[in-house]
Amino acid sequence: GKSGYDHFMLKEIHEQPRSLRQCLRGRVSELDGTVDLDVDVDPDGVQFVACGTSYHAALCGVSLFHEAGIPAQAFLASEYATSPPPVDGDLVIGVTQSGETADTLSALREAKRRGAETLAVTNVVGSSVSRECDQTLYIRAGPEIGVAATKTFSSQVLALALLVLSGTGASRQDVAALRDLPGNVQQVLDESNAEDIARAYDGSDAYFFIGRGLQYPVSLEGALKFKEISYEHAEGFAAGELKHGPLALVTENTPVFAAVTGDDLLARKTIGNVKEVEARDAPVVVVTDGQNDAARYADHVLEVPVSDDRTAAILANVQLQLVAYHAAALLDRSIDKPRNLAKSVTVE
Ligand code: F6R
């Protein structure tokens, strides 16, 4: 059942501290920082294939592998076979919650035909993807009933972070960030003002989401969640791309959500993009950990606890999940079963 929540989606959003703990359980040694996942990979390069929310997790995976010095690319599974890249010893990773998505399965089959090693990152034990790939990494999020993927996105990103750390080893700070993640998500859930913000911007013309680095896929995911359950127009952009076109869409009736955490060059550049939006009189909502001064340029703030850049992306995404949920609830949408959508898409 829904355990007292109005929708499975809200229940599953609130399950994230537990599902993340489950993903970590027994896999990280606090003593020496080794990460053991029961998979044996040591790739020179990585290609991800995935769809929808899982593709956004894969884009996070690209950044995570790049941080570790390993070349990585993410492909929309439905496009992979159209113009297949050379495999060249790359590990091909299929990211799929259900393990049954036809586009992802056929991209993996194409990769196999080209001689690639394949790894499944999935939630479902015994799924088609786990039977067809050479190895499987389970994200252990538990069953997800709501059509909109929520807890499984967080667990996919965490599992990919662990996969990278299983090769490099985890530093003391890495171990601390992983250990603190479930509690930090709980804090976001307990203190979020997402409902007030959804109410403040109910009836807007469109909703835009921007971010860079790991917060770029988070902005794509924030927009996907918003559009699929509210049926309102929502788009995510790389913060730096706004000025190359999308800025023409920005008005006083299009709130812009900017995820900007940390206090590095990345954050400062995104704040520059926030100022561009503010100068066009668009309402600005920043998702921030307060380490930068983004809040100065914002009409509203969604706070997340201070953490490292990897876990900050997961935390910011939880706030955007809640915004999407409350916006859709205000519109009385069919949140757990949005029109025209299915939980697992078994046709190409
Ligand atoms: C969005 C959503 C879809 C799925 C996509 C891939 O909330 O749920 O975009 O992420 O259909 O599904 P899986 O991960 O099962 O391959």
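Remember, predicted model here, so these are calculated numbers, not experimental data.

Q: Tell me about the packing of aromatic side chains, and please be specific about residues and values.
A: As enumerated under the stated definition, the model contains six aromatic pairs in all. With a centroid separation of 5.7 Å and an interplanar angle of 50°, the aromatic rings of F208 and F237 are classed as tilted. Residue F208 is located in strand β6 (residues 207-211), and its partner F237 is located in strand β7 (residues 234-238); the two are separated by 29 residues in the primary sequence. Both residues of the pair, F208 and F237, count as buried. Ring plane angle 15° and centroid distance 4.9 Å describe the contact between F209 and F257, whose orientation is recorded as stacked. You can see F209 sitting in strand β6 and its partner F257 sitting in strand β8 (residues 256-259), a full 48 residues away along the chain.

Q: Outline the environment of R18, supporting the account with residue identities and numerical values.
A: If you trace the backbone, R18 turns up in helix α2 (residues 16-24). Separated by 103 residues in sequence, R18 and V121 place their C-alpha atoms 19 Å apart.

Q: Tell me what's going on with the sheet that holds β8, and back it up with residues and numbers.
A: Pairing in this open sheet of five strands is parallel, and the strands run β7-β6-β8-β9-β10 from one edge to the other. Looking at the sheet topology across the chains shown, the edges are occupied by β7 and β10 (300-303). The mean angle between the axes of side-by-side strands here comes to 20°, regardless of whether they run parallel or antiparallel. In terms of strand pairing, β6 meets β7 through five bridges, oriented parallel. Paired with G211 across the strands is A238, a residue of β7. Each of β6, β7 and β8 is contacted by helix α10 (residues 215-230), which is oriented at about 175° to β7, the strand it contacts most.

Q: Describe the sheet that holds strand β2 (residues 72-76), naming the residues involved and giving the relevant values.
A: Pairing is parallel across the open sheet formed by five strands, whose spatial order is β2-β1-β3-β4-β5. Strand pairing shows two members of the sheet lacking a second neighbour, β2 and β5 (135-138), which therefore form its edges. The sheet shows a mean angle of 25° between the axes of neighbouring strands, direction not considered. Bridge count for strand β1 (residues 46-50) against β2 is five bridges, and the pairing is parallel. Paired with A50 across the bridge in β2 is L76. Its contacts with the sheet place helix α3 (residues 52-67) against β1, β2 and β3 (91-96), and it is angled at close to 170° to β2.

Conventions used here
- Residues numbered from 1 in each chain as written.
- Predicted model: local features only at pLDDT ≥ 70, side-chain atom pairs only at ≥ 80, totals over all residues.
- Heavy atoms only, no water.
- Phe/Tyr/Trp six-rings, centres within 6.5 Å; stacked < 30°, edge-to-face > 60°.
- Helix = DSSP H or I, 4+ residues; strand = E, 2+ residues; numbered from the N terminus.
- Buried < 20%, exposed > 50% of the residue type's maximum accessible area, 1.4 Å probe, protein only.
- Pairing = 2+ DSSP bridges.
- Axes fitted to C-alpha atoms, helices over the stretch in contact; angles between N-to-C directions.
- Contact = heavy atoms within 4.5 Å.

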